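Observations on the three-dimensional arrangement
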Amino acid sequence: SVMAMGQIFLCFFSGFILYRIIFGSFFGTFHIMAIFLLVGVGVDNVFVFNDHFEAAAQMDPGYTQDLWARLSWTWKHAAVAMGVTSLTTSVSFFMNATSSFPGIASFGIFAGILCIVMYMSMLFYWPAVVAFNHSRFKHKPFLCGISKACSRVQAAEPKETPAEGQPKPALVRFFEHHFSYFILNFRIRILLVFAVVSVFMFVKLGELAPAKEQPDMLPEDHPITQFVQVMSEKFVRGGGQFNTVVDLVFGFDKEPLDREGVDITGAGGSLGAIKWNPNFVNSSGLPNEPVILAGLNCFIQLCDAAEVKDDTRKTGGAPAFSMSGCFPRDVRDHLKTTHPSDWQSRWSQITQGDSAAWTAALVAKAVADPSWWQSLETTTYLEKVGEIVFYRYFVASLRLTSSLDMEFSNGNALAERWEGWLAEQMTIGECASTADTFWPFVASSDFHQFKVTETLISEMTHGVCVSISVALVVLVLVTGNFIIGTCAAFTIGMIVIWVMAMIPILGWELSMVENIVLVMVPGLSVDFTAHLAESYNQAKYDNREHRVVHALEHSGISIISGSVSTGLAGLCLVMCKITFFVRFGTLLVCTVGSAVLFSLFFFPSVMALVGPVGQVGDWHQYIHPCMARRVEHEKNLRVNSARFSQEGTNMDLGGVKVTVISNAGQEGPCPSGCTE
């Protein structure tokens, strides 16, 4: 156990070094959760290897005396089982690497690298640990027998191995006899129960909606969250504080940021170099005031046109919905008030490049209305370089009649209508003459959120589909059977649907956290189903019932062990205070729970009902007949006669040959209703 946990943490640091070389130094909040995922994946692999090591002694009693032959058999079979799960899990993580969001992309790369490093460690490091433990510590009492004479530890004498091999653990016997008996006799009822619950999940899936805004970092009952909520609802001046605000921004280049040589994750503290409008500076490196002042009329035109009531752009019309920050219009209106007779000539003088006249008019407005000057400081930015003051950018804002509550598709359409409106305005009136030097653009935090939501849903859908497709291909290749691989992939798809339905059931919406988890669900849930599919295919006998018993016997304990380890890792996250971790851990637990239910109940029931027998679905036979699966003789199932007395004499076991065993272990006559 100590070596297993040490291996996991060593793999974390080894994976981090590879990630650092490949991607960079960014290590964000998402990456912290990778250690919990690695614990679940790593412990699951350890259980798979150890279970195969124990199964080897039961497959061939000679392996108990030949450690290297036993390790060879274990390595051969466990490497395939772990390889399937590691490949599909890493692919699901790497699908996040295609995300447009740097934080999600870097997390996907990091988690995928950890899965690969963990698999390589299981192939080369863990067999050495098992061999060392078996040869040196296997026969020593646990903790020296917890005796007083701990200083003199003697190895226990090895017990003679019975002829039929080592006795099976109790949990293995439970899956082989009791649980498999339940699956074989109630397969139809089990599938009906899953069908009913799945219908309910499909109904709840229709309620899944994208998040209108990013979730709070802390729970709703946290004092900080309550403080922010009260301040935003009770102490905001003006009505409609939750309505969408559209900004008209002037002063930037057509490509506002230079991202060359910048870490896209922002790990260096910079998102890039700002590129200002080059027309605002003349060839001498001084403020190009004639160009700036010539664009004031265009500024006013856009403000007036934006305020016009228009249902397509969700504008309510002035004065209820007026443009704020339109300081050229405010200065011009002040000239109209103070100089009613010659304000037009004064304003014309300003727009023709008279900076002194502009400064005088600006100061006069500031003196007349000091609060206006204070508000102007929040919508304009002037930068002083030496003794020279440069005009950098101006912002005018308009509150719309709509809000962030609209559907993201309608929100994106609204953003496109605003873009089209601005493009049209720049070709008419005063803006037509300054379109080559004055480059405004439309900005809105709500428009950004609409685009983020659209991107999240698109990437989530694409990632889930690709992950399930990869799982289908891998399962078909590994099992060598189209039917088994397709049924396993269908099972994984149903797990994804159940987990997606849990989001509205829990009262959540589809945000960035849910997007990450849903892309990973196929990779995390394929482990258990893949173990059963492989065990079902490896059974050497040609009837569905025995192959189901074989699959449950050999993989049931691995599924239970892996689910407990991964589930406990998720529960650790659920106990956190940060909402992001709580949601991630909750969905992780839901994924593990759904995967266990489908792998232990749904998939064996499907295989017991329509599972392939003989060479049905075996794709090897289409390549060459000698590659087809070889079928051996049927195997008698040993069941307890007490079960027949409980169920009556008309028991249907699907034509399986049955030998009834009494409680004393003696063979008895076959009850009526069985084949033999």
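Scroll up for the structure.
For the structure given in this document, a descriptive report is provided here.

Rules used in this analysis
Residues numbered from 1 in each chain as written. Predicted model: local features only at pLDDT ≥ 70, side-chain atom pairs only at ≥ 80, totals over all residues. Heavy atoms only, no water. Core = buried A, V, L, I, M, F, W, Y, C linked by side-chain atoms within 4.5 Å. Buried < 20%, exposed > 50% of the residue type's maximum accessible area, 1.4 Å probe, protein only. Helix = DSSP H or I, 4+ residues; strand = E, 2+ residues; numbered from the N terminus. Contact = heavy atoms within 4.5 Å. Pairing = 2+ DSSP bridges. Axes fitted to C-alpha atoms, helices over the stretch in contact; angles between N-to-C directions. Disulfide = S-S within 2.5 Å. Salt bridge = Lys/Arg side-chain N within 4 Å of Asp/Glu carboxyl O. Parallel < 35°, antiparallel > 145°, perpendicular 65-115°, else oblique. Left-handed = near helix turned anticlockwise from the far one by under 90°.

In terms of nonpolar packing, the biggest core is built from 114 residues, with Leu518 and Phe584 touching the most fellow members. In terms of residue count, the dominant contributor to this core is helix 21 (residues 579-610) (16 residues). Dropping the residues within four chain positions of it, Phe584 is found in contact with Met33, Leu37, Val513, Ile516, Val517, Met520 and Leu573. The next biggest cluster of nonpolar side chains, apart from the first, holds 48 residues, and it includes Leu296, Cys303, Ala361 and Phe447.

A few words on unusual backbone geometry. Geometrically, the link from Ala318 to Pro319 is a cis peptide bond, its omega value of 5° lying close to zero. Within the secondary structure layout, Pro319 lies in the loop between helix 11 (296-307) and helix 12 (327-338).

Moving on, we get to the pairing of strand 5 (residues 388-403). Of the pairings in the sheet, the one linking strand 1 (residues 243-250) to strand 5 comprises seven bridges and is antiparallel in character. Bridge pairing in strand 5 places Asn243 opposite Ser403. Both strand 4 (residues 380-385) and strand 5 contribute to a ladder of six bridges, which runs antiparallel. Looking at strand 5, one finds that Thr380 is bridged to Phe394. With antiparallel pairing between neighbouring strands as the criterion, strand 4 and strand 5 make up a hairpin whose turn holds two residues, including Gly386 at a positive phi of roughly 70°.

Take the sheet that holds strand 6 (residues 441-443) next. Reading across the sheet, the four strands line up as 4-5-1-6 and stay open at both edges, with antiparallel pairing between neighbours. Two strands in the sheet have a free side with no partner beyond their single neighbour: strand 4 and strand 6. Pairs of neighbouring strands in the sheet enclose a mean axial angle of 25°, with direction left out of account.

Moving on, we get to the state of the cysteines. Per the counting criterion, the structure on display carries two disulfides. Sulfur-sulfur distance for the disulfide between Cys303 and Cys326 comes to 2.4 Å. Between Cys303 and Cys326 the disulfide shows an S-S torsion of about 110°. By sign, it is right-handed. In this pair, Cys303 is assigned in helix 11 and Cys326 in the loop between helix 11 and helix 12, connecting sequence segments 23 residues apart. We note that Cys303, like Cys326, is buried.

Bringing the pattern of salt bridges into the picture now. Taken as a whole and assessed by the stated rule, the structure comprises 13 salt bridges. Between Lys204 and Glu207 there is a salt bridge, with the nearest N and O atoms lying 3.0 Å from each other. Residue classification places Lys204 among the buried positions, given a relative accessible area of 17%. Salt-bridge contacts for Arg313 lead to Asp310; the nearest nitrogen and oxygen are separated by 3.2 Å. For Asp310, a relative accessible area of 24% gives the class partly exposed. Beyond isolated ion pairs, a larger network of salt bridges with shared partners links Asp304, Glu307 and Arg329.

Take the packing of helix 7 (residues 170-185) against helix 21 next. Closest axis-to-axis distance for the helix 7/helix 21 pair is 9 Å, and the angle between their directions is 70°. The pairing of helix 7 with helix 21 is recorded here as roughly perpendicular in orientation. When you trace helix 7 past helix 21, the crossing you get is right-handed. Listed contacts from helix 21 to Phe175, Phe179, Phe182, Ile183 and Leu184 of helix 7 are Leu600, Phe601, Pro604, Ser605 and Ala608.

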